[in-house]
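A structural walkthrough
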Amino acid sequence: MSNEHPTPGPDFIRAKVAEDLKSGKRDGRVVTRFPPEPNGYLHIGHAKSICLNFGIAEENEGGVCHLRFDDTNPCKEEDEYVEAIKTDLRWLGFDWGENEFFASDYFEQLHAWAIQLIEAGKAYVCDLNAEETREYRGTLTTPGKNSPYRDRSVEENLDLFARMTAGEFDEGARVLRAKIDMAAPNINLRDPVMYRILKVDHHRTGDAWKTYPIYDFAHGQSDSIEGITHSLCTLEFEAHRPLYDWYLEALDVYRPEQTEFARLKLTHTILSKRKLLELVEEGHVSGWDDPRMPTLSGMRRRGFTPESIRDFCGRIGIAKADSMNEIAQLEHCLREDLNKRAPRFMGVLRPLRVVIENYPEGESEEMDAVNNPEDPSAGSRKVPFSRVLFIERDDFMEDPPKKFFRLAPGREVRLRYAYFITCQSVVKDEATGEIVELRCTYDPETRGGNTPPDGRKVKATLHWVSKEHAAHAEVRLYEHLFSVEDPGAVKEGQDWHDTINPNSVEILNDCYVEPGLADVAPGQSFQFERLGYFCADPDSTADKPVFNRTVTLRDTWAKIQRKSK
């Protein structure tokens, strides 16, 4: 793994790892794992776990982080997801080397351990159907009841489990359950299911198996096989930890230690895999990589950088209690990163034609423009200037209010890197009255930022492009996909679908950008001066580039921080 990632601040998990190393626990080893299910795409919530697990391994000498795919449910798993997960991990900047594993690598061993528990009288085959199982299980306030099949003999259980494995019974007819305690206060210990019948081909093992282990049975034993030292899980697995420990103790195998931390919650965002799937299947978004999605593939397409995501995960830290994180903080991390690395260009999203009446017809010249004021090594570029330009329609008002300092009739402004211009007259569409053109003049003495001989100043600088040289482009302006801060906490009678923002994307088809942006590779990020950060989209063609707005220039998180101080 690379050692270039900044080390996050201290947290209770890192403190625990440090204490374990100091005491010599587990021979001073640090082995973590990131265990995704290959049934969907990774999202920003997974990034927190990825940064934690890979980060802890990276921070400790000799540390290792395994990538283990929890492929115990063949109904939903595909190789496509396996490859997508690996792509996202590499994009984030992490490398697992030779430590790539699958729970399915251990199917033979897990099956043998299931037989071991049957032989020890600690597991049995149960014929209750799903509804009966729920009824017998009890509730959080009432104990469960023993299954009528709980006291089958070891011989009968071994025979039935063998026949289950051979595919003799229908799906749902029987399950293998652990024999623990149906009156346990922790409902996860009330004879949990270990194996169920699934007559579905597996993406790696084909039709070799007719029974598959439940995650709770595969999880701890997979950790044990791999010699994991610190099994880090989100808080919803805290109640499963006694079961994790029970299996390992009952099998008398190496026991890793499970520790839980709070999962990521982000304003204006849903991270439920089921709900994200509904967004895709119901057509609310164009796919898993829609730039409005919190998936890593969607964020990458929008223009998020891996550095900004790692920075965000480091800043929010690791805690034991759930809390809501502001998406404004994530955007702040992104702006900070893009400000340092994104080259500047000019683009006009809602063009208004400007004719410089005293500029020679048929002529043009090149202006020197800084590529990135934050990075002197980025150098400069040439920007063509001519008689006919485009400026932003919002940068002109025919009857401006008192504090509007941009272009207006009779007013002078500066064009970025170019000249002072003054609006002399307005041309309107005869039918609609809409302003379609401005007639202006320029001062040749003010080229490239020069102060005019008389020392006069202007109060506004506008961006622009030359009509003759500009590339025609499509720009997609994205907003939050959900209009409320917590779309998962809807009012009674509402559905989370009701919080979907109907204006989460605006597509502008008649935009113009500098000629240097005509043929850029998808994924490249830029700052459109005065407008925000944008990323070239894979939908770009040779005739028309497409840009996604990644984030605006306005930093709401910085304002929040200033107010809090």
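Scroll up to find the structure this text is about.
Nothing here was measured: the structure is a model prediction, and the numbers come from that model.

As a further point, take the overall build of the chain. Secondary structure assignment for the chain yields 13 helices and 25 strands. Taken over the C-alpha trace, the chain has a radius of gyration of 31 Å; the compact-globule value for 565 residues is 24 Å, which it surpasses by more than 25%. With the C-alpha coordinates of the chain rotated into their principal frame, the extents come out at 100 × 55 × 45 Å. Taking contacts inside the chain between residues at least 6 apart in sequence as the whole, the part at least 24 apart equals 71%. Carbon and sulfur atoms form 46% of the exposed surface of the chain, whose accessible area is close to 25900 Å².

Let us now look at the sheet that holds strand E17 (residues 420-428). With respect to topology, seven strands assemble into an open sheet ordered E19-E16-E17-E18-E12-E15-E20, the strand pairing being mixed. For this open sheet the edge positions go to strand E19 (461-462) and strand E20 (465-466), each flanked by a neighbour on one side alone. Strand direction decides the pairing type here: E17 and strand E18 (residues 435-443), joined by eight bridges, are antiparallel. Bridge pairing in E18 links Val 427 to Glu 437.

This part is about the pairing of strand E4 (residues 123-126). The alternating pattern of E4 places Ala 123 and Val 125 and Tyr 124 and Cys 126 on opposite faces, both of which are buried. Judged from the four bridges that link them, E4 and strand E5 (residues 175-178) form a sheet pairing that is antiparallel. Bridge assignment links Val 125 to a residue of E5, and that residue is Leu 176.

What follows is about the environment of Arg 406. With respect to the helices, strands and loops of the structure, Arg 406 is situated in the loop between strand E15 (388-392) and strand E16 (412-415). The sequence separation of Arg 406 and Lys 459 amounts to 53 residues, and the corresponding C-alpha distance is 7.4 Å.

The subject of this paragraph is the pattern of salt bridges. The full count for this structure, using the stated rule, is 51 salt bridges. Taking the shortest distance from any N to any O, the salt bridge between Arg 301 and Asp 537 comes out at 2.7 Å. Of this pair, Arg 301 sits in helix H10 (residues 296-302) while Asp 537 is found in the loop between strand E24 (532-536) and strand E25 (546-551), placing the two residues 236 residues apart along the sequence. Owing to a relative accessible area of 15%, Arg 301 belongs among the buried residues under this scheme.

Next up on the list: the sheet that holds strand E2 (residues 64-69). Strands sit in the order E1-E2-E3 across an open sheet of three strands; the sheet is parallel. Taken across any chain shown, the strands that pair with only one partner, and hence form the sheet edges, are strand E1 (31-34) and strand E3 (100-102). Sheet twist, expressed as the mean angle between neighbouring strand axes with direction ignored, is 35 degrees. Those strands touched by helix H3 (residues 79-92) are E1, E2 and E3, and its axis lies near 155 degrees from that of E2. Where helix H7 (residues 215-226) meets the sheet, it contacts E1, E2 and E3, and its direction lies at approximately 140 degrees from that of E2.

This paragraph deals with the environment of Lys 199. Along the chain, Lys 199 falls in the loop between strand E6 (193-197) and strand E7 (211-213). In this structure the C-alpha to C-alpha distance between Lys 199 and Tyr 212, which are 13 residues apart in sequence, comes to 9.4 Å. Sequence-distant contacts of Lys 199, defined by excluding residues within four places in its chain, comprise Gly 167, Phe 169, Asp 170, Glu 171 and Lys 210.

Positive phi is not limited to glycine here, since Asp 191 has a value of about 45 degrees. When you line up the elements, Asp 191 lands in the loop between E5 and E6. A residue is classified by how much of its surface remains accessible, and Asp 191, at 2% relative accessible area, is buried. Despite not being glycine, His 268 has its phi angle at roughly 60 degrees, a positive value.

Moving on, we come to the packing of helix H4 (residues 107-119) against helix H8 (residues 241-251). Remark: H4 packs on H8, axes separated minimally by 10 Å, with the N-to-C direction vectors making an angle of 75 degrees. When the interaxial angle is binned, H4 and H8 end up roughly perpendicular. Along its contact with H4, which presents Trp 113, Gln 116 and Leu 117, the element H8 presents Tyr 247, Ala 250 and Leu 251. In terms of residue class, the contact of H4 with H8 is built from five nonpolar, one polar and no charged.

Core analysis: the biggest nonpolar cluster contains 37 residues, and Ile 44, Ile 50, Phe 54, Leu 89, Leu 92, Leu 296 and Ile 309 have the highest contact counts within it. Those elements giving two or more residues to this core turn out to be helix H2 (44-59), E2, H3, H10, helix H11 (306-316) and helix H12 (327-341). Here this core gets six residues from one element, more than from any other, and that element is H2. With near-sequence residues (within four places) excluded, Ile 50 lies in contact with Phe 34, Leu 42, Gly 55, Leu 89, Leu 92 and Phe 94. Ranked by size, the runner-up nonpolar core spans 32 residues in total, among them Leu 352, Leu 415, Ile 421 and Ala 470.

In this section: H11. Residues of H11 that are buried: Pro 306, Ser 308, Ile 309, Arg 310, Phe 312, Cys 313 and Ile 316. Considering only its buried residues, H11 is in contact with H2, H3, H10 and H12. Just beyond H11, the residue with positive phi is Gly 317, at close to 75 degrees.

Now for the packing of aromatic side chains. The tally for this structure, following the rule as stated, stands at 22 aromatic pairs. Between Phe 385 and Trp 464, the aromatic rings sit 5.3 Å apart at their centres with planes inclined by 85 degrees, giving edge-to-face as the arrangement. Pair noted here: Phe 385 is in strand E14 (residues 380-386) and Trp 464 is in the loop between E19 and E20, with a separation of 79 residues, a long-range link. Comparing Phe 385 with Trp 464 shows no difference in burial state: the two are buried. Members of the aromatic cluster, joined through ring pairs, are Phe 161, Tyr 195, Phe 217, Trp 246 and Tyr 247. When the ring centre of Phe 169 is taken as reference, the NZ or CZ atom of Arg 174 above it lies at 4.3 Å. Its end group placed over the ring of Phe 102, Arg 204 keeps NZ or CZ at 3.9 Å from the ring centre.

Rules behind the numbers
- Residues numbered from 1 in each chain as written.
- Predicted model: local features only at pLDDT ≥ 70, side-chain atom pairs only at ≥ 80, totals over all residues.
- Heavy atoms only, no water.
- Helix = DSSP H or I, 4+ residues; strand = E, 2+ residues; numbered from the N terminus.
- Rg over C-alpha atoms; globule rule 2.2 N^0.38 Å.
- Contact = heavy atoms within 4.5 Å.
- Areas by Shrake-Rupley, 256 points an atom, 1.4 Å probe, with all protein chains shown as cover.
- Pairing = 2+ DSSP bridges.
- Buried < 20%, exposed > 50% of the residue type's maximum accessible area, 1.4 Å probe, protein only.
- Salt bridge = Lys/Arg side-chain N within 4 Å of Asp/Glu carboxyl O.
- Axes fitted to C-alpha atoms, helices over the stretch in contact; angles between N-to-C directions.
- Parallel < 35°, antiparallel > 145°, perpendicular 65-115°, else oblique.
- Nonpolar A, V, L, I, M, F, W, Y, C, P; charged D, E, K, R; others polar.
- Core = buried A, V, L, I, M, F, W, Y, C linked by side-chain atoms within 4.5 Å.
- Phe/Tyr/Trp six-rings, centres within 6.5 Å; stacked < 30°, edge-to-face > 60°.
- Lys NZ or Arg CZ within 6 Å of the ring centre and 35° of its normal.

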